[in-house]
Amino acid sequence: MGQIEAGVKMPKDKKILLLLAVVFILPFTVAVTLHLLDIRPGGKSFGQLVTPPVALTIPTFTTAEDKDFSADQWSKIWNIVMINQADCDAVCEQNIDKIDRVQRTLHKDKDRVQRILMLQGNVNAERVQQLKNQFAGLIVLPVQEDAQQAFAEQFTNTAPEGSIYLVDPLNNLMMHYPSDVEPKALRADVKKLLKNSWGG
């Protein structure tokens, strides 16, 4: 009789073992699957990571106001960078407005970020002044010398023309966004980076 009872209990014991195995193995399996499929619940980045990041060698620029803008002024702060032709057309201006709104809505963290517009070609002083009047705090850097052009090409060789770039406080080009990125998406990534950043 005892043998019959033991025989009856075995399937129940197996079910318990199977249930325990599922409880312990399922989370691991889900985590591995999410990693392999690059699914990050609640942790999605809207930009494209630059892998590996590009360590930038930054030349000295002369701003539109004829002041030196050295490599040190890129450091210890997050930089949102745009590169456009000197005329800065309507799309260019819309994107400046976009990054301006992103910075302003960072509130107490807004001073940890600066906006840089590099202009290629013959820069029109009146156009630059118009942009600076419209978007306070915008840093405009004309690309004039060979070293400056080579520097700009590190960006344009990484992502399509018109992209918006992020440079970290250690001068690494580490992320880029398409021209049509939504401000709230860009802001979400910048907020996340600022929250988890030691520098800048």
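From a predicted model like this one, the values you see are computed outputs, not experimental measurements.

Examining the overall build of the protein
A tally of regular secondary structure across the protein gives five helices and eight strands. The order of helices and strands in the protein, counted from the N terminus, is α-β-β-β-β-α-β-α-β-α-β-β-α. With 200 residues in all, the protein has 38% of them scored as buried. Only carbon and sulfur atoms are counted for the fraction: they give 58% of the accessible area of the protein, which is about 12,400 Å².

Let's talk about the packing of aromatic side chains
Counting across every chain of the model gives five aromatic pairs. Aromatic side chains W74 and F151 sit 5.3 Å apart centroid to centroid with 80° between the ring planes, which places their arrangement in the edge-to-face category. On the criterion of sequence distance, the pair formed by W74 in the loop between strand 3 (68–69) and strand 4 (78–85) and F151 in helix 4 (residues 146–156) is long-range, its members being 77 residues apart. Here W74 matches F151 in class, with each residue buried. Ring geometry for F151 and F155: centres 5.3 Å apart, planes at 80°, overall edge-to-face. One end of the pair is F151 and the other is F155, both in helix 4 and four residues apart, which spans about a single turn. Given the relative accessible area of 0%, F155 is considered buried. Grouped by ring-pair contacts, the aromatic residues F61, F69, W74, F151, F155 and Y165 constitute a single cluster.

Some details on the sheet that holds strand 6 (residues 139–143)
The sheet built from six strands is open, its strands ordered 1-8-7-4-5-6 with mixed pairing. Because the sheet does not close on itself, it has two edges, and the strands there are strand 1 (48–55) and strand 6. Each neighbouring strand pair of the sheet contributes to a mean axis angle of 25°, computed without reference to strand direction. In this structure, strand 1 lies alongside strand 8 (residues 172–177), joined through four bridges in antiparallel fashion. Residue pairing across strands places Q48 opposite H176, the latter belonging to strand 8. Across the sheet, helix 4 lies against strand 1, strand 4, strand 5 (113–120), strand 6, strand 7 (164–167) and strand 8, angled at about 110° from strand 5, the strand it touches most.

Considering the nonpolar core
Nonpolar side chains tend toward joint burial in soluble globular proteins. Ranked by internal contacts, the top residues of the largest apolar core, which has 27 residues, are I96, L117, I164 and L186. Mapped by element, the contributors of at least two residues to this core are strand 4, helix 2 (90–104), strand 5, helix 3 (125–134), strand 7, strand 8 and helix 5 (183–196). Not counting chain neighbours up to four residues away, the residues in contact with I164 comprise I80, V81, M82, N95, K98, I99, M175, H176, Y177, V181 and L186. Within the second largest apolar cluster, 20 residues are counted, among which are L56, F151, F155 and A159.

Quick word on the pairing of strand 7
The two faces of strand 7 match: I164 and L166 on one face and Y165 and V167 on the other face are all buried. Relative to strand 8, strand 7 runs antiparallel, the two being bridged by four bridges. Opposite L166, over in strand 8, you have M175 as the bridge partner. Counted along the chain from strand 7 to the antiparallel partner strand 8, the turn is four residues long, and its residue N171 has a positive phi close to 70°.

Things to note about the confidence of the model for the protein
Model confidence for the protein is summarised by a mean pLDDT of 85, while 78% of its residues fall at 70 or above. Scored below 50 in pLDDT, residues 1–9 makes zero contacts in the model with residues more than four places away or belonging to other chains. With pLDDT under 50 throughout, residues 28–42 is counted as low confidence; its partners more than four residues away or in other chains account for two contacts.

Quick word on the side chain of S163
Position of S163 among the secondary structure elements: in the loop between helix 4 and strand 7. You can call S163 buried: its relative accessible area is 4%. A polar contact of 2.6 Å, which involves the side chain of S163, links it to the backbone oxygen of P160. Excluding anything up to four places from it in sequence, S163 contacts V81, M82 and Y177.

A closer look at the environment of I164
Looking at the secondary structure, you find I164 in strand 7. Each C-alpha atom of the pair I164 and L186 lies 9.4 Å from the other, and the pair is 22 residues apart in sequence.

Section: the environment of F155
Taking the C-alpha atoms as reference, F155 lies 8.2 Å from I83; in sequence the two are 72 residues apart. Not counting chain neighbours up to four residues away, the residues in contact with F155 comprise L56, V81, I83, M118, Y165, V167 and L173.

Reading guide: rules and limits
- Counting restarts for each chain: residues are numbered from 1 in the order of the written sequence.
- Whole-chain, interface and lining totals are the exception, using all residues; otherwise, since this is a predicted model, local features are given only for residues with pLDDT of at least 70 and side-chain atom pairs are given and counted only at 80 or more.
- Processing note: side-chain calculations cover all non-hydrogen atoms of the structure and skip hydrogens and water entirely.
- Put simply, DSSP H or I for four residues or longer makes a helix, DSSP E for two residues or longer makes a strand, and each gets a number counted from the N terminus.
- The rule is simple: take the accessible area with a 1.4 Å probe, protein chains only, and divide by the maximum for that residue type; under 20% is buried, over 50% is exposed, in between is partly exposed.
- Here, Shrake-Rupley sampling with a 1.4 Å probe gives the accessible areas, and only protein chains in the shown set may cover a residue.
- Geometry of aromatic contacts follows a simple scheme: Phe, Tyr and Trp rings, the Trp one being its six-membered ring, pair when their centres are within 6.5 Å, and the pair is stacked under 30 degrees between planes, edge-to-face over 60, tilted otherwise.
- The pairing criterion for strands is at least two bridges between them, as found by DSSP.
- To obtain each axis, a line is fitted to C-alpha atoms, and for helices this fit is confined to the stretch in contact; angles are then taken between N-to-C directions over 0 to 180 degrees.
- The contact definition used throughout considers only heavy atoms, calling two residues in contact when any of these lie within 4.5 Å.
- As used here, the term nonpolar core means buried Ala, Val, Leu, Ile, Met, Phe, Trp, Tyr and Cys residues forming a set that is joined through side-chain atoms within 4.5 Å.
- The predictor reports its confidence for every residue as pLDDT, a score running from 0 up to 100.
- Nitrogen and oxygen atoms within 3.5 Å of one another constitute a polar contact, given that in protein one can donate a hydrogen and the other can accept it, and given that sequence-neighbouring residues count only through two side-chain atoms.

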